[in-house]
Every structure is written in structure tokens, then in C-alpha cells.
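Summary of the model geometry
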Amino acid sequence: GAEPVRVDIQTGQAGPVIARQIYGQFAEHLGAGIYEGLWVGTDSKIPNVRGWRSDVVNALKAIKVPVLRWPGGCFADEYHWRDGIGPQSQRPPRVNTSWGGVIEPNSVGTHEFMDLAEQLGTEVYINANLGSGTVQEMAQWLEYLTAEGDTALARERRANGRDKPWKVQYWGIGNESWGCGGNMKPSYYADQYKQWATFAKAPRGNRPKLVASGGQELELHWTETLSAEIKQMSAITHHQYSLPTRDWKKKGAAIGFPESEWISTLAVPQTIDGYLAKHREILDRNDPAKKFAIYFDEWGSWYDPEPGTDPGFLVQRNTLRDAVLAALHFHVFHRHAERVKMANIAQMVNVLQAVVITDKERMVLTPTYHAFAMHLPFMDATSLPVQLSGVPTYALGKYSIPAVSASAAKGVDGKLLLSLTNTNPNQALPLQLAVGGKGVRAVTGQLLTAAAMDAENRFEAPDRVKPQPFKAQAKDGTLNVTLPAKSVLVLEVQP
Ligand code: AHR
């Protein structure tokens, strides 16, 4: 058979810590992302805790959501927090002009969101409205959330049922300010940001990290301007979506796609890798002390909407391709962990590359969910370089990518971790594993694959794409494993 690919983990050269926030989520008031998918209200027959559906919350607890971004997205720049406090029946209905023009009932507001975060045990990343709000409105929202003393806003919060201030870990000032967040130039945004950041005050010990809204893809001028002009910030955001065709008018189908769109989609993370390197060069020049992180707070596949659904709801199916795509993103984020300290998949439930999909009282875990679950041990792990040799190229049409991608780390419990993907949908690959040039004794872990590129979990067949236990032992001092075609494999390695 073919020569095995050699995978050698370099334990002697510890890299940066992989912030667990890289495995973060994003939930916007968009389609069924919040209403139906998470929030059913207290009167619902669907079992819920104070309105949040228990099945979905429990599934999300199992992947230990480290940070949750809310309320948008584009929605954030038209959200006025006062609409979402006080008795639910008296909250003003508004039009969600970003997403489908539907009525936003404001049943989910600050108190409800913070309750969800507490149920999930996650940090919160609240995105404030720079686009159509005021500095005062933003300042008061933060005060409402965090005030300790006997101020009018703290009293109002208490009257609305919350005595203690909440912890707010991250505070975003605007979203996609180059587009839906106000169509600004980077220099104009930087000036605005500085003014807003000045008034984003909170008590000592509960000051959120301030996050500036950056560019997307190869918009280096955003990173350049923001990092040169702003001092008071912890991070600059970055967005990049994976469109099979790269064409926003016709993005490509979520299922039943040709192999040419399998490879074109899986080629995106490699592009991201190169782009991030360029953004980091700028940061290294403007911020050599490494105070500014990159928060990759929107990423994931973006396909044509599911036929028959409102195109403004961004409903799409989720297949094995999405799981491999997620793992490839994780590898890129691990590689750039020195600067990339947070990433948030778009989006958590029912929207774009969702980890959970619901239909009334039913729920299904997507292949992407399983990719997250398999990588749990990588949270807060210390990254380790991996030397790969003999990796074949997988090529089709104008795309060519390495068939094997790998990422290794030392988990917080000291275990040696290895994540692998085989992007080639047609060919299994023999691998030979080593640690620091020496043979490996055994591996145990989980394998995710399926017969078809577009295999998915449906409500009537929820376990079609599900991780399977995997193990192998050395023979005569070498450990050989077969990495199945189109797969994700996460291993604990025993050197
Ligand atoms: O995730 C969907 C949308 O994509 C977000 O609201 C926006 O920030 C981006 O354009």
C-alpha cells in the first residue's frame, strides 16, 4: 500500500495555551436562533426552566459553552436594551429589520439572556449598539448590569428581579461597523470607539474586556487603523464565512452538493490561516506587547437557505462536511492561539452552521455539535507543534489542500491530545504516529465519519453522524492507524 503519513508530536516545544473561548458560541435574534430554538416561554408544553428549553440547554451544557455572544450580529446595532426589561407583556414589539422583517417581541431581554448564561455556566459577551444607539444608552446598560450600590439603575434592576450585579466578561462596541453596523471607515469607527470606550464604565473587579469591531477576511486596513489608533481595547474582532462558491448571490447547497463544493468549502480554513498570519504581522508591529487579541467572533459555513424557509432566517442543513470544516477551523485557531483568544461559531441554534437544530418539541445534534464535543479536551490545553511528513495533496478543479490536517496539545490534565482530519472524501490514509521522534504505545479516542459527504442527522434518524470509539496499539514499536476518508479523529496518545 501507500507510504504512511508520519505524524510526530513535538512535546519539547510547548506553544501558546488554547483559550477555551476559542470554542465559543454566538446567538443572535435571528430566525429561530433564540425564539423557538432556545426560548419557548414559561407557558410552553416543551419542558423549560424559566422559559429556556431544557433539552437544548442540556445539550449545550454537555459541550461546556465557554462564552456566548449576544444579541447580534447586525441585530446588535439596532437593539435598544430598554425594550427588553420589565414585565414581558409590556415590552414593545419591534420590527427585526435585519432578519426577515418579523416582529421582535422583546420577550428575551437582559434578564432572560443572563439567566440562560447562568443555566449554561458560560461567560457572556454582550455586543452593544454603536450603529443606532447612543453613548449614554450603552453606558447605562453596562451600569444596569454591573452596578453594586444604591443607584437608580441598580434599583431598577432589583425591581425587575435581580439583586446582585451580573458579571460581564466581554463588551463589544458595534458589529461589522464597515457594513450593517453603520457603513463606516476604519478611522471614523476608531474615533467613535474611543469615545464610547471612555464611557463603558463598570465597578473594579467587574470590568468587561472591551472589544472593537474589526474587519473581515483580508481587510488589513481595519486591523492597521484600529491597532494604531486605539489603546483602550482588549481585542479586535474578525469575521470570515465559508461559502462553497465564494458568491454571496449563489452560495451553494447545504446538502446534495458536488465534490467540487466539498473541496472548495474545506479550502476556506487554509485561506483563513494565511489571512490571520497577515493580520498578526500588523499586530506584532503595532502591538509588540501583545495586549490586543483577535476575537474571531463569527465563522462557519454559509449556504443557500433551505428551500421553503424565509431567506432572512438563514436556515441550512448541517452535514459531515460541516464537522470537518469545524475541525479545520479549530486547527487554525490553535495554530494562531497566541493572538486568537476567542472564536464564536455562527450560530449556536437553528442559524447557519448550528450545533443544535430544533423543530417544535424535537431537537437534533448536528455533526458540528459532535466536532465541538470531541475537541472538549483542547479547551485551555497547551498547543504543541506537529511535524507531518508525506501528506498527500487532495486536489480537484482549482482547489488543492493537504489531505491531512493535525493539531496537538497537552490537556489541562496532562494528557497528550491529537486531532486529525482527512479532507479527502475518497481515500483512507495510513498514518504512523510518533512523539518526539519515538514510537507511540497506544491511542484511544473518537472517530467521526459517514458513508456520504453530506450525511446528516435528521429528527427521524438523529444518530447517523455520531462519534465512534477508536483505539489502536503499537506493534513492534510502531503505531499505525488508518484515517478513514472524510473524517475527524481525536485521540489521546500514550507515548
Ligand atoms: O451571522 C449572521 C450575520 O453575519 C451577522 O448578524 C452579521 O454580523 C454577519 O454579517
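Scroll up a little and you will see the structure.
Residues numbered from 1 in each chain as written. Predicted model: local features only at pLDDT ≥ 70, side-chain atom pairs only at ≥ 80, totals over all residues. Heavy atoms only, no water.

1. Re the state of the cysteines
Summed over all chains, the structure comprises 1 disulfide. Note on cysteine connectivity: Cys 74 is disulfide-linked to Cys 180, with sulfurs 2.2 Å apart. What sets the handedness of the Cys 74 and Cys 180 disulfide is the S-S torsion sign, and at about -90° it is left-handed. Highlighted residues: Cys 74 in the loop between β5 (67-70) and β6 (94-95) and Cys 180 in the loop between β9 (170-173) and α5 (186-198), separated in sequence by 106 residues. Overall, the relative accessible area of 15% leaves Cys 74 in the buried class. The class of Cys 180 is partly exposed, set by a relative accessible area of 38%. (Disulfide = S-S within 2.5 Å. Helix = DSSP H or I, 4+ residues; strand = E, 2+ residues; numbered from the N terminus. Buried < 20%, exposed > 50% of the residue type's maximum accessible area, 1.4 Å probe, protein only.)

2. Remarks on the nonpolar core
Membership of the largest hydrophobic core comes to 145 residues, with the highest contact counts inside it found for Leu 60, Trp 171, Leu 418, Leu 420 and Val 443. With 10 residues, helix α9 (residues 320-335) is the single largest residue contributor to this core. Each of two domains, domain 1 (5-11 + 384-494) and domain 2 (20-380), supplies a minimum of three residues to this core. Leave out the neighbours within four places in its chain, and Leu 418 touches Val 7, Ile 9, Phe 378, Ala 406, Ser 407, Ala 408, Leu 433, Leu 489, Val 490, Leu 491 and Val 493. Core analysis: the second largest hydrophobic core is formed by 8 residues, Val 67, Tyr 170, Tyr 295 and Met 342 among them. (Core = buried A, V, L, I, M, F, W, Y, C linked by side-chain atoms within 4.5 Å. Domains from an automatic or database assignment. Contact = heavy atoms within 4.5 Å.)

3. Description of the pattern of salt bridges
Throughout the structure, instances matching the rule amount to 24 salt bridges. Where Arg 339 meets Asp 287, a salt bridge forms, and the shortest distance between an N and an O atom there is 2.8 Å. With Arg 339 in the loop between α9 and β13 (340-346) and Asp 287 in the loop between α8 (268-286) and β12 (293-301), the pair connects residues that are 52 residues apart, well separated along the chain. Grouping residues by exposure puts Arg 339 and Asp 287 together as buried. One salt bridge connects Asp 359 with Lys 360, and the closest N-O pair in it is separated by 3.9 Å. A single salt-bridge network, built from bridges that share partners, covers Glu 306, Arg 317, Glu 456 and Arg 458. (Salt bridge = Lys/Arg side-chain N within 4 Å of Asp/Glu carboxyl O.)

4. Regarding the sheet that holds strand β20 (residues 404-410)
Spatially, 6 strands are ordered β16-β20-β21-β27-β24-β25 in an open sheet, and the strand pairing comes out antiparallel. Each edge of the sheet is formed by a strand with only one pairing partner; in this case those strands are β16 (382-384) and β25 (468-473). Averaged over all neighbouring strand pairs, the angle between strand axes comes to 25°, with direction disregarded. In terms of strand pairing, β20 meets strand β21 (residues 416-422) through 7 bridges, oriented antiparallel. What sits directly across from Ser 407, in β21, is Ser 419. Across the sheet, α9 touches β16, β20, β21, β24 (442-448) and β27 (487-494), and the angle it forms with β20 is around 55°. (Pairing = 2+ DSSP bridges. Axes fitted to C-alpha atoms, helices over the stretch in contact; angles between N-to-C directions.)

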